[in-house]
2 protein chains.
Amino acid sequence: MTTQQLAQQIQIKKSFLCIGLDVDLNKIPNYLLETEDPIFEFNKAIIDATHDLCVSYKPNTAFYEAYGIKGWQSLEKTINYINEKHPDIFTIADAKRGDIGNTSSMYAKAFFEDLNFDSVTVAPYMGKDSVEPFLAFENKHTIMLALTSNEGAFDFQTQFVDGIELYKTVLTTSKTWKNSENLMYVVGATKAEFFTDIRKIVPDSFLLVPGVGAQGGSLSEVCKYGMNKNVGLLINSSRGIIYSSNGTDFAEKAREEALKLQKEMELILNK
Amino acid sequence: MTTQQLAQQIQIKKSFLCIGLDVDLNKIPNYLLETEDPIFEFNKAIIDATHDLCVSYKPNTAFYEAYGIKGWQSLEKTINYINEKHPDIFTIADAKRGDIGNTSSMYAKAFFEDLNFDSVTVAPYMGKDSVEPFLAFENKHTIMLALTSNEGAFDFQTQFVDGIELYKTVLTTSKTWKNSENLMYVVGATKAEFFTDIRKIVPDSFLLVPGVGAQGGSLSEVCKYGMNKNVGLLINSSRGIIYSSNGTDFAEKAREEALKLQKEMELILNK
């Protein structure tokens, strides 16, 4: 999917919502545990109930790897289901990978070719040659960590490197990399006041914004400082949507929560 | 495995070699491709031929994920084979993970519990709460990227943060984290001259050192500046050992290459 197509979907659906599919077997309805693939059954129900309200799904790979081969099978079935049923959805493998060049190429192959995700999240610590192998894929997107939503973001990301915060150096430097037009960035919603400065460095890029909901970030604040002419934001909510109920009505309740966010987004888009 | 047990193994085997199991189907002997699980068959032959010469094996997860479920099965069979046949071997999942707390817990579960690795590599960019969930596991080890072996290391890791290089800030800061005694660090062999300063910050920690071999690092230089009283080094070689031949003699040739390194290490240990 191209960024233009993503921007179009946002206008069509009046939504820039991304739903995080972070499925924990301890949190899903008990009766699903009796099915052959509880994680997939859970995802399928969530997708069926919410696909018209969001433009993106983001499975976090950790939650699948924790269940070994069975988990990887659930991930594969989930991405295949989305790609078949809803090819207009922008898919994100939230994997936070990054390694030396030949290894990053293998990760890119895993997520872009084998699983056919539209995008993957990567970590910047190892620099240019750890990210460029991902950028080499046409119409695939590499979403690099810039400023994350957690407390630990203040350990290194906001430290000053020659008078400039590290996350800003990361943003500025990454723009010089080959195929940098395929970059998007992770910027946490818990740090809304930072968006003004970030938009000075990457005015046109899409930003994936976790931290609305369970982590306490504000949608309106993020939009106020972070939106650009193409919207340029994907607001992620995971736990706040998918675990609204752990009864038989879990998908219905998830839809209600997604709808609340979509309605807020529609209001913002209509302004 | 405890660090004391690892240090003992180094003395018993006169080796601090780690063999990287980065299996690329394009590089292994053709005839193996006809077997049911070529990656596992390759690893099994390498392990059978080299286990007395090394103290550690390090599968890089990218090379398994690139083959989807089949790849994950090969990884599981490989770690199970090592744990059953050679419980004295220190196993490293080279995964370079790291995410917000609840997600890092899932990764820790995946590698420490589900797959039963002794250790996993992690990236530091997201800070304390992204690493501490790994550190919470007793007798498991978290190997954090400090200064990597690739060119991109100079993009951010060696930048000055308040007058101190970022990788040194990462080292110093990480020592304040809970259960930091379970930390080891990745320091690339291609930067041997940096080891003196690194040892001032983490004199007692084990360092996992990639970059000897294919990437051009020097074993004697690394030992000169990086060794401590417990040796404190795991020198990794991947491609330089496992792809010495792509004929039927690949395991034998891998042994020859591993033996060369082990003999060099024995000389250094006897000094």
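Refer to the structure presented above.
So, here's what we can say about the structure. (Residues numbered from 1 in each chain as written. Chains lettered and ligands numbered in written order. Predicted model: local features only at pLDDT ≥ 70, side-chain atom pairs only at ≥ 80, totals over all residues. Heavy atoms only, no water.)

Time to look at the overall build of chain A. Along the backbone of chain A there are 12 helices and 10 strands. Taking 2.2 N^0.38 as the reference for a compact globule, 271 residues should give roughly 18 Å; the C-alpha atoms of chain A span a radius of gyration of 18 Å, in line with that estimate. A principal-axis box enclosing the C-alpha atoms of chain A has dimensions of 55 × 45 × 35 Å. Counting the 271 residues in chain A, one finds 63% classified as buried. Look at the contacts in chain A between residues 6 or more apart in sequence, and 74% of them connect residues 24 or more apart. Carbon and sulfur atoms make up 48% of the accessible area of chain A, which totals about 9,800 Å². Side-chain charges of chain A comprise 27 positive and 35 negative groups, with the mean position of each set lying 5 Å from the other. (Helix = DSSP H or I, 4+ residues; strand = E, 2+ residues; numbered from the N terminus. Rg over C-alpha atoms; globule rule 2.2 N^0.38 Å. Buried < 20%, exposed > 50% of the residue type's maximum accessible area, 1.4 Å probe, protein only. Contact = heavy atoms within 4.5 Å. Areas by Shrake-Rupley, 256 points an atom, 1.4 Å probe, with all protein chains shown as cover. Lys, Arg positive; Asp, Glu negative; His and termini not counted. Charge placed at Lys NZ, Arg CZ, Asp CG, Glu CD.)

Residues and elements named next belong to chain A. For Asn 236, the location among the structural elements is in strand β10 (residues 233-237). Classification of Asn 236 by relative accessible area gives buried; the value is 4%. Each C-alpha atom of the pair Asn 236 and Ile 79 lies 17 Å from the other, and the pair is 157 residues apart in sequence. Beyond its immediate stretch of four places on either side in the chain, Asn 236 contacts Cys 18, Ile 19, Gly 20, Lys 58, Leu 208, Val 209, Pro 210, Gly 211 and Val 212. A distance of 3.2 Å separates a polar side-chain atom of Asn 236 from the backbone nitrogen of Gly 20. At 3.0 Å, the side chain of Asn 236 forms a polar contact with the side chain of Ser 238. (Polar contact = N/O pair within 3.5 Å; in protein donor to acceptor, adjacent residues only side chain to side chain.)

Those residues of helix α10 (residues 219-226) of chain B that sit buried are Leu 219, Val 222, Cys 223 and Gly 226 of chain B. The buried residues of α10 of chain B occupy an angular sector of 95° when projected down its axis, which confines them to one face. (Arc of directions from axis to C-beta.)

Let us now look at unusual backbone geometry. All names here are of chain A. In this structure, Lys 14 is a non-glycine residue whose phi angle is positive, near 50°. For Lys 14, the location among the structural elements is in the loop between α1 (3-13) and β1 (17-21). Look at Lys 14 and you get partly exposed, because its relative accessible area is 26%. Residue Asn 139 is not a glycine yet carries a positive backbone phi of 55°. Within the element layout of this structure, Asn 139 appears in the loop between α6 (128-135) and β5 (141-147). Classification of Asn 139 by relative accessible area gives partly exposed; the value is 40%.

Okay, the sheet that holds strand β4 (residues 119-122) of chain B next. Residues and elements named next belong to chain B. Strands sit in the order β1-β2-β3-β4-β5-β8-β9-β10 around a closed barrel of eight strands; the barrel is parallel. Within this sheet the neighbouring strands show an average axis-to-axis angle of 30°, counted without direction. Pairing of strand β1 (residues 17-21) with strand β10 (residues 233-237), which is carried by three bridges, proceeds in the parallel orientation. By the bridge assignment, Ile 19 is partnered in β10 with Ser 237. Strands β9 (207-209) and β10 of the sheet are contacted by α10, whose axis makes an angle of about 160° with β10. (Pairing = 2+ DSSP bridges. Axes fitted to C-alpha atoms, helices over the stretch in contact; angles between N-to-C directions.)

Looking now at the pairing of strand β5 (residues 141-147) of chain B. Residues and elements named next belong to chain B. The buried fraction of β5 is high, at seven of seven residues. The sheet contact formed by β4 and β5 spans four bridges and is parallel. The residue bridging Ser 119 from the neighbouring strand is His 141, located in β5. Considered for its hand, the β-α-β crossover made up of β4, helix α6 (residues 128-135) and β5 is right-handed. Sheet analysis places β5 next to strand β8 (residues 183-187), joined by five bridges and oriented parallel. Within β8, the residue paired with Ile 143 across the bridge is Met 184. (Right-handed = clockwise from strand over helix to strand, strands pointing away.)

Before going further, it helps to examine the interface of chain B and chain A. Facing the 58 residues of chain B at the interface are 58 residues of chain A. With both chains or domains summed, chain B and chain A bury close to 5,000 Å², and 62% of this area falls on carbon and sulfur atoms. One can count four salt bridges joining chain B with chain A. The shortest N-O distance in the salt bridge between Lys 96 of chain B and Asp 99 of chain A comes to 2.8 Å. Applying the counting rule to chain B against chain A returns 27 residue pairs in polar contact (both at pLDDT 80 or more). Looking at which element gives the most residues to the side of chain B that touches chain A, the answer is helix α5 (residues 101-114) of chain B, with eight residues. Of the residues contributing to the side of chain B that touches chain A, the split by class is 25 nonpolar, 18 polar and 15 charged. (Buried area = accessible area lost by both parts, 1.4 Å probe. Salt bridge = Lys/Arg side-chain N within 4 Å of Asp/Glu carboxyl O. Nonpolar A, V, L, I, M, F, W, Y, C, P; charged D, E, K, R; others polar.)

Before going further, it helps to examine the pattern of salt bridges. Within the structure shown, the criterion is met by 30 salt bridges over all chains. Two residues, Glu 256 of chain B and Lys 253 of chain B, come together in a salt bridge whose shortest N-O distance is 3.8 Å. Remark: Lys 253 of chain B and Glu 256 of chain B occur in helix α12 (residues 250-270); sequence separation between them is three residues, near one turn of the helix. With a shortest N-O distance of 3.6 Å, Glu 266 of chain B and Lys 263 of chain B are connected by a salt bridge. In this pair, Glu 266 of chain B and Lys 263 of chain B both sit in helix α12, three residues apart, roughly one turn of the helix. The structure contains a network of salt bridges with shared partners spanning Lys 58, Asp 94 and Lys 96 of chain A together with Asp 99 of chain B.

The values are spatial; any link to function lies outside them.
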